[in-house]
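Here's the letter readout for the chains.
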Amino acid sequence: MSFRFCNVSGNINPSDEYVAFPYRGWFSSYVTPPGACWSATLGGVASDEAVGYRQVNGQWLAVATKYFSDSSGGVEFDF
């Protein structure tokens with residue numbers, strides 16, 4: 001299953017972001033700058049969760065969550 005995360009924080013409040021997977025031992029993407037994307041091939045977890053983090057005033061805050069199934073074929077997570 002393909003998973004793609006894109007940092008769409010934009011020009012008004014651009015921030016670095018990353019995504020982590022709690023059901024996968026907190027496996028995570030690299031820190032992604034505004035306008036960039038990160039992709040991975042995932043499998044083996046029937047019901048999954050992705051948590052999106054954004055750097056705000058020097059701290060990493062969880063700002064978005066997406067639930068998905070590995071059988072969905074492909075997932076796009078933009079925040």
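Notes on the structure follow. Here the structure is a predicted model, which means the values were calculated and not measured.

Before going further, it helps to spend a moment on unusual backbone geometry. The residue Trp26 is not glycine, and still its phi comes out positive at about 65°. Within the element layout of this structure, Trp26 appears in the loop between β2 (17-21) and β3 (27-28). One non-glycine residue, Asn57, lies in the positive phi region at around 50°. Looking at where Asn57 falls in the secondary structure, it is placed in the loop between β5 (47-56) and β6 (59-69).

Here we take up the packing of aromatic side chains. Summed over the entire model, instances satisfying the criterion amount to 10 aromatic pairs. Ring centres of Phe27 and Trp38 lie 6.0 Å apart, and the angle between their planes is 50°; this geometry places the pair in the tilted category. Of the two residues, Phe27 sits in strand β3 while Trp38 sits in strand β4 (residues 37-41), which places them 11 residues apart along the sequence.

Glancing now at a nonpolar patch on the surface. Side chains of Val56, Leu61 and Val63 sit close together on the surface and give an oily, nonpolar patch of about 200 Å² of accessible area. Mapping Val56 onto the fold places it in strand β5. Since its relative accessible area comes to 31%, Val56 is described here as partly exposed.

Here we take up the pattern of salt bridges. For the coordinates displayed, the defined rule picks out three salt bridges. Across the pair Arg54 and Glu17 runs a salt bridge, and its minimum N-O distance is 2.6 Å. Residue Arg54 is located in strand β5, and its partner Glu17 is located in strand β2; the two are separated by 37 residues in the primary sequence. Residue classification places Arg54 among the partly exposed positions, given a relative accessible area of 21%. Between Arg24 and Asp48 there is a salt bridge; the shortest N-O distance is 2.7 Å. Here Arg24 is found in the loop between β2 and β3, whereas its partner Asp48 is found in strand β5, with 24 residues between them in sequence.

Definitions and limits used
Residues numbered from 1 in each chain as written. Predicted model: local features only at pLDDT ≥ 70, side-chain atom pairs only at ≥ 80, totals over all residues. Heavy atoms only, no water. Helix = DSSP H or I, 4+ residues; strand = E, 2+ residues; numbered from the N terminus. Phe/Tyr/Trp six-rings, centres within 6.5 Å; stacked < 30°, edge-to-face > 60°. Patch = residues over 30% accessible without salt bridge, like charges linked within 9 Å, V, L, I, M, F, W, Y side chains within 5 Å. Areas by Shrake-Rupley, 256 points an atom, 1.4 Å probe, with all protein chains shown as cover. Salt bridge = Lys/Arg side-chain N within 4 Å of Asp/Glu carboxyl O. Buried < 20%, exposed > 50% of the residue type's maximum accessible area, 1.4 Å probe, protein only.

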